[in-house]
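Read off the chains here:
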Amino acid sequence: MSIQEKIKAIEDEIARTQVNKATNRHLGVLKARIARLREQERERIERGKGQVGDGYAVRKDGDATIVLLGLPSVGKSTLLNHLTNSNSKVGAYDFTTLTVVPGVLKYRGAQIQVLDIPGIIRGASEGKGLGKRILSTTRSADLLLVIVDVFNPGIRKVLLDEIRNIGIRPDENPPNIQIEKRGSGGIIITDLVGMTEMDEDGMKEILREYRYHNSRVVVREDVDYDRFVDVLLKNTVYIPTLTVVNKIDMVDEEWVEKLGEDADYDYVAISADNDINLEQLKERMFERLDLIRLYMRPKGEDPDFDEPLIIRNGSTVEDVANKIHRDLKKTLRFTRVWGKSAKFGGQKVGLSHQPMDEDIITFY
Ligand SMILES: Nc1nc2c(ncn2[C@@H]2O[C@H](COP(=O)(O)OP(=O)(O)O)[C@@H](O)[C@H]2O)c(=O)[nH]1
Ligand SMILES: [Mg+2]
């Protein structure tokens, strides 16, 4: 039986099983099995040779990487061309984009790599037709732009479900559960939250499924079996998304209003072709990426306000030093900070200090 057939067989069993309190655990175990098979399939693809139509390898470049996701003809190439320096082919027919097309968006001093990825959608759930580079490029994105058009915003849910199948958890944080493999002693579970979604026997069954016969588990968050399995999978990645509704030029105001009433999610309504709301989109992308700008001030000189250093919010002075030069930390005596994160201008801070947006920094 191929991996696909095994998955299908388990899915059939799930479909036959009534969902209730009594079957909850069994369903959890079945889903855990599927997740494990899917991961094996991904690993097989990523280990294997690239497939035809795979595109070329795109190096992760710039301060952050954004991947565009959407059905053919929603306007991904158009958006890429209008946001970046790219010159991607736009077609009124499907599948004009056959390779991964990169572009660079310069915004607030940041260089943001934007990638138009073909074919991710149809192939994803079937586990076929999806090249390993497309797979790994998508999984390493810092932000996924989910693009739908005004006529079919409902497809957003389908897109999000598809990327879940390749191990991406859109807009989720990793569950707060620690699992430690040990040499002996069986499975020891410490429940610090009073679990309501799982029970210890169910967890143990799943842990054995994943070869954690001896392990110590500390539960600090009340999650269900699906999210527990995410912790066991080696390759789960947690990526924020931003939904973009394109082609608003094709409908009237009433339609746009109705869209807003129906949507239970946050989105930016644009027209890529007519440059409507693209500035707002850039701002929201920057915000979702959670990047901050730092101005470096060489000793005794003025800060460099032209070229900020771009770094993830929550990064430390140590991260900043490493981004500038690998060896900088060795010769660094101390650091001074001006701005929002400083108690007073020119405060001396240590390596673990977290600068904030538009701080000025001097390394000594
Ligand atoms: N009216 C309108 N048409 C658009 C817009 N954005 C893209 N299109 C058109 O939609 C078609 C498909 O666009 P394309 O960028 O190739 O879509 P892709 O397959 O997702 O890359 C082309 O004919 C575009 O000109 C828009 O904002 N408004
Ligand atoms: Mg295209």
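Residues numbered from 1 in each chain as written. Chains lettered and ligands numbered in written order. Predicted model: local features only at pLDDT ≥ 70, side-chain atom pairs only at ≥ 80, totals over all residues. Heavy atoms only, no water.

Draft legend 1. Quick peek at the confidence of the model for the chain. Summarising the model, the chain shows a mean pLDDT of 87, and 90% of its residues fall at 70 or more. When mean pLDDT is taken per element in the chain, strand β10 (residues 241-246) scores highest with 97 and helix α4 (residues 120-126) scores lowest with 52. This stretch, residues 50-56, has a pLDDT under 50; its non-local contacts, to residues over four places away or in other chains, come to 19 contacts. Note that residues 92-97 has pLDDT below 50 and, in this model, 11 contacts with residues that lie over four places away or in other chains. (pLDDT = per-residue confidence, 0-100. Helix = DSSP H or I, 4+ residues; strand = E, 2+ residues; numbered from the N terminus. Contact = heavy atoms within 4.5 Å.)

Draft legend 2. Just the sheet that holds strand β7 (residues 187-191), in detail. Taken together, the three strands give an open sheet; going across it, the order is β6-β8-β7, and neighbouring strands pair in mixed fashion. A single partner strand is all that each edge strand has here, and the edge strands are β6 (177-181) and β7. Across the sheet, the axes of successive neighbouring strands diverge by a mean angle of 10°, strand direction being ignored. As paired strands, β7 and strand β8 (residues 215-219) are joined by five bridges and run parallel to one another. Note that in β8 the partner of Ile-189 across the bridge is Val-217. (Pairing = 2+ DSSP bridges. Axes fitted to C-alpha atoms, helices over the stretch in contact; angles between N-to-C directions.)

Draft legend 3. Looking closely at helix α8 (residues 225-232). In terms of burial, α8 is largely enclosed, as six of its eight residues are buried. If you check which residues of α8 are buried, you get Tyr-225, Arg-227, Phe-228, Val-229, Asp-230 and Leu-232. Lining the buried residues of α8 we find α2 (24-47), β5 (168-170), β6, α7 (200-209), β8 and β9 (237-239). (Buried < 20%, exposed > 50% of the residue type's maximum accessible area, 1.4 Å probe, protein only.)

Draft legend 4. Seen up close, the site of ligand 1. In the vicinity of ligand 1 lie 18 residues, with Ser-73, Lys-76, Ser-77, Thr-78 and Asp-249 positioned nearest. Separating an oxygen atom of ligand 1 from a backbone N or O atom of Val-74 is a distance of 3.4 Å. For ligand 1, a nitrogen atom lies 2.7 Å from a polar atom in the side chain of Asp-249. Protein contact buries 86% of the 580 Å² of open area that ligand 1 shows by itself. The biggest single contributor to the shell around ligand 1 is helix α3 (residues 76-83), with three residues. (Near = heavy atom within 4 Å. Polar contact = N/O pair within 3.5 Å; in protein donor to acceptor, adjacent residues only side chain to side chain. Areas by Shrake-Rupley, 256 points an atom, 1.4 Å probe, with all protein chains shown as cover.)

Draft legend 5. Spotlight on the nonpolar core. Counting residues in each nonpolar core, the largest one holds 28 residues, and the members touching the most others are Leu-79, Ile-112, Leu-145, Ile-270, Leu-281 and Met-285. The element that contributes the greatest number of residues to this core is helix α10 (residues 278-289), accounting for five residues. Every residue in contact with Leu-145, bar those within four places of it in the chain, is listed here: Ile-66, Val-67, Leu-68, Leu-69, Leu-79, Leu-242, Val-244 and Met-285. Core analysis: the second largest hydrophobic core is formed by 27 residues, Leu-69, Val-100, Leu-160 and Ile-166 among them. (Core = buried A, V, L, I, M, F, W, Y, C linked by side-chain atoms within 4.5 Å.)

Draft legend 6. Structural detail: the packing of α7 against α8. Packing of α7 against α8 brings their axes to within 11 Å, and their N-to-C directions diverge by 35°. Crossing of α7 over α8 shows right-handed handedness. On α8, the residues that touch Gly-202, Met-203, Ile-206 and Leu-207 of α7 are Tyr-225, Phe-228, Val-229 and Leu-232. Along the lines of polarity and charge, the residues of the contact of α7 with α8 split into seven nonpolar, one polar and no charged. (Left-handed = near helix turned anticlockwise from the far one by under 90°. Nonpolar A, V, L, I, M, F, W, Y, C, P; charged D, E, K, R; others polar.)

Draft legend 7. Fine view of the sheet that holds strand β3 (residues 110-116). The six strands lie next to each other as β2-β3-β1-β4-β10-β11, forming an open sheet whose pairing is mixed. Every other strand in the sheet has two partners, leaving β2 (101-107) and β11 (267-269) as the edge strands with one partner each. Across the sheet, the mean angle separating the axes of adjacent strands is 25° when strand polarity is ignored. As paired elements, strand β4 (residues 143-149) and β10 share six bridges and run parallel to each other. From the neighbouring strand, Val-148 faces β10, where its bridge partner is Val-245. Where helix α6 (residues 155-164) meets the sheet, its contacts fall on β1 (64-69), β4 and β10, and the angle it forms with β4 comes to roughly 145°.

Draft legend 8. Summary view of the pattern of salt bridges. One pass over the full model with this rule turns up 22 salt bridges. One salt bridge connects Lys-8 with Asp-12, and the closest N-O pair in it is separated by 3.0 Å. Of the two residues, Lys-8 and Asp-12 are both situated in helix α1 (residues 3-16); the distance of four residues between them amounts to about one turn of the helix. Among the residues examined, Lys-8 registers a relative accessible area of 45% and is labelled partly exposed. Taking the shortest distance from any N to any O, the salt bridge between Asp-199 and Arg-25 comes out at 3.2 Å. Within this pair, whereas Asp-199 is found in the loop between β7 and α7, its partner Arg-25 is found in helix α2, the two being separated by 174 residues in sequence. Given the relative accessible area of 31%, Arg-25 is considered partly exposed. What emerges from the salt-bridge pattern is a single network uniting Arg-164, Glu-172, Glu-221 and Arg-227. (Salt bridge = Lys/Arg side-chain N within 4 Å of Asp/Glu carboxyl O.)

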